[in-house]
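A closer look at the structure
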Amino acid sequence: MKTIKELINESLTEVAAMSEIRREENIRRVYKACPDLKEIDDQILNIRNSRFIAVIDKDERLIKRFDIAEEELQVKRDKIIQRNNIDPEFDVAKHVCDKCGDTGFAKGSDGTLKVCSCRKRELEMSYEYSGMGDFSSYKMKNFRDDYLGDAKSRKAIRNELLKVMLGMTEDDKTSLWVYSAPPQSGKTFLAICVCKTAINLGKSTYYTKCEDLQVIGTDTLEDLKRIDFLVLDDFADSVTMTNNVGSILNSILEVRAASKLPTVLVTPFTKNELVSKCDMRISGKLKSAKLISKESR
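Residues numbered from 1 in each chain as written. Predicted model: local features only at pLDDT ≥ 70, side-chain atom pairs only at ≥ 80, totals over all residues. Heavy atoms only, no water.

1. Topic: the packing of helix α5 (residues 151-166) against helix α6 (residues 187-200)
Relative orientation of the contacting elements α5 and α6 amounts to 40 degrees, with a least axis distance of 10 Å. Judged by the twist between their axes, the crossing of α5 over α6 is right-handed. In this structure, α5 uses Ile-157, Arg-158, Leu-161, Leu-162 and Met-165 to contact α6, whose residues at the interface are Leu-190, Val-194, Thr-197 and Ala-198. Its residues assigned to classes, the contact of α5 with α6 shows seven nonpolar, one polar and one charged. (Axes fitted to C-alpha atoms, helices over the stretch in contact; angles between N-to-C directions. Helix = DSSP H or I, 4+ residues; strand = E, 2+ residues; numbered from the N terminus. Left-handed = near helix turned anticlockwise from the far one by under 90°. Contact = heavy atoms within 4.5 Å. Nonpolar A, V, L, I, M, F, W, Y, C, P; charged D, E, K, R; others polar.)

2. Examining the sheet that holds strand β6 (residues 263-267)
Strand order in this open sheet of five strands is β4-β5-β6-β3-β7, and the pairing throughout is parallel. Every interior strand has two partners, whereas the edge strands, β4 (205-209) and β7 (290-293), have only one. The mean angle between the axes of side-by-side strands here comes to 20 degrees, regardless of whether they run parallel or antiparallel. Here strand β5 (residues 229-233) runs beside β6; their pairing, made up of three bridges, is parallel. Bridged to Val-231 within β6 is Val-264. (Pairing = 2+ DSSP bridges.)

3. A short note on the pattern of salt bridges
One pass over the full model with this rule turns up 17 salt bridges. One salt bridge connects Asp-91 with Arg-77, and the closest N-O pair in it is separated by 3.5 Å. Taken together, the positions of Asp-91 in the loop between α3 (60-83) and β1 (105-107) and Arg-77 in helix α3 put the pair 14 residues apart, joining distant regions of the chain. Looking at Asp-91, the relative accessible area reads 27%, which means it is partly exposed. (Salt bridge = Lys/Arg side-chain N within 4 Å of Asp/Glu carboxyl O. Buried < 20%, exposed > 50% of the residue type's maximum accessible area, 1.4 Å probe, protein only.)

4. A few points about the packing of aromatic side chains
Counted under the stated rule, the structure contains four aromatic pairs. Plain terms: the ring middles of Tyr-138 and Phe-189 are 5.0 Å apart, the flat faces sit at 40 degrees to each other, and that makes the pair tilted. Here Phe-189 lies in helix α6 and Tyr-138 lies in the loop between α4 (120-132) and α5, a separation of 51 residues in the sequence. Joined through ring pairs, the aromatic side chains of Phe-135, Tyr-138, Phe-189 and Tyr-207 make up one cluster. Over the ring of Tyr-127 we find Lys-196, and its NZ or CZ is 4.8 Å from the ring centre. (Phe/Tyr/Trp six-rings, centres within 6.5 Å; stacked < 30°, edge-to-face > 60°. Lys NZ or Arg CZ within 6 Å of the ring centre and 35° of its normal.)

5. Concerning a nonpolar patch on the surface
Together, Phe-52, Ile-53 and Ile-56 line one region of the surface with nonpolar side chains, adding up to about 340 Å² of accessible area. Its location among the elements puts Phe-52 in helix α2 (residues 35-57). On the basis of relative accessible area, Phe-52 is assigned to the exposed category, the value being 56%. (Patch = residues over 30% accessible without salt bridge, like charges linked within 9 Å, V, L, I, M, F, W, Y side chains within 5 Å. Areas by Shrake-Rupley, 256 points an atom, 1.4 Å probe, with all protein chains shown as cover.)

6. Looking at α6
Here α6 spans 20 Å end to end across 14 residues, near enough to the 20 Å set by a 1.5 Å rise per residue. The element α6 is largely enclosed, with a buried count of 12 among its 14 residues. Burial in α6 covers these residues: Lys-187, Thr-188, Leu-190, Ala-191, Ile-192, Cys-193, Val-194, Cys-195, Lys-196, Thr-197, Ala-198 and Ile-199. (Expected span 1.5 Å × (residues − 1).)

7. Overview of the environment of Ile-80
Among the secondary structure elements, Ile-80 is positioned in helix α3. Once the C-alpha coordinates of Ile-80 and Asp-36 are considered, the two residues, 44 residues apart in sequence, prove to be 7.7 Å apart. Those residues within four positions of Ile-80 in sequence are excluded, and the remaining contacts are Cys-34, Asp-36, Leu-37 and Ile-40.

8. What about the pairing of β4?
Buried residues dominate β4, accounting for four of its five residues. One crossover worth recording links β4 to the parallel β5 by way of helix α7 (residues 218-224), and it is right-handed. (Right-handed = clockwise from strand over helix to strand, strands pointing away.)

In structure tokens form, the structure reads like this:
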């Protein structure tokens, strides 16, 4: 599993190469328009090479002579640049993206550091690596508080999930949360939107159906123990009792609890139902889990 930060770091070499290509193209364009500048720059380069040899030979007389010659050429160069209205930094590599300085992260209007708009490709790749490749249309901007009515409770649930993801909850006694709501109430949509928001903030995140833990690769399962934010959807007591899911989930939750990493179980069942019917190991952890639901508002 690759995180958004890893994907952005991998892209830095490509971005640096693009910046260098643009620099070289700009130099060629300027030199073509102003051959005199190229001639001066070639002379400066030759003098610097000769000075380097003089330094190796410790010939102070030649070093001084080359220093004076370069200063004189530099004066001529400055005049040519000024006379032809050439950017003095035409030969300096520029950022491909001025917004983020090619770091991949930029401050939003609220001052929060987020994935820059120039990294849309990496962002989409991260969504796919994080289990959300099939949910391209799920976006927080499309979330509506008044979906199916009761906008106040729905907004409160959204804000609570965001706080859990950001680690801004007042309860630090548990890292396990249960988001309980009836079927067809928009749980999955909101859960995925919160996961995507986490990735946009540079967090390592994963979304999956609880039953799919049995088919996820070993390396990814190990990653799930340590990522910043984990959401397990369609959580049900029956799932924890089949195909070793209970054992896998217990292992993940224990490691995450030790590091106080937030995990959200999304379910249509009540917490009490889950506690009474789940795998014994999971049931014990659910007892201390914090509930997110309309009823808890």
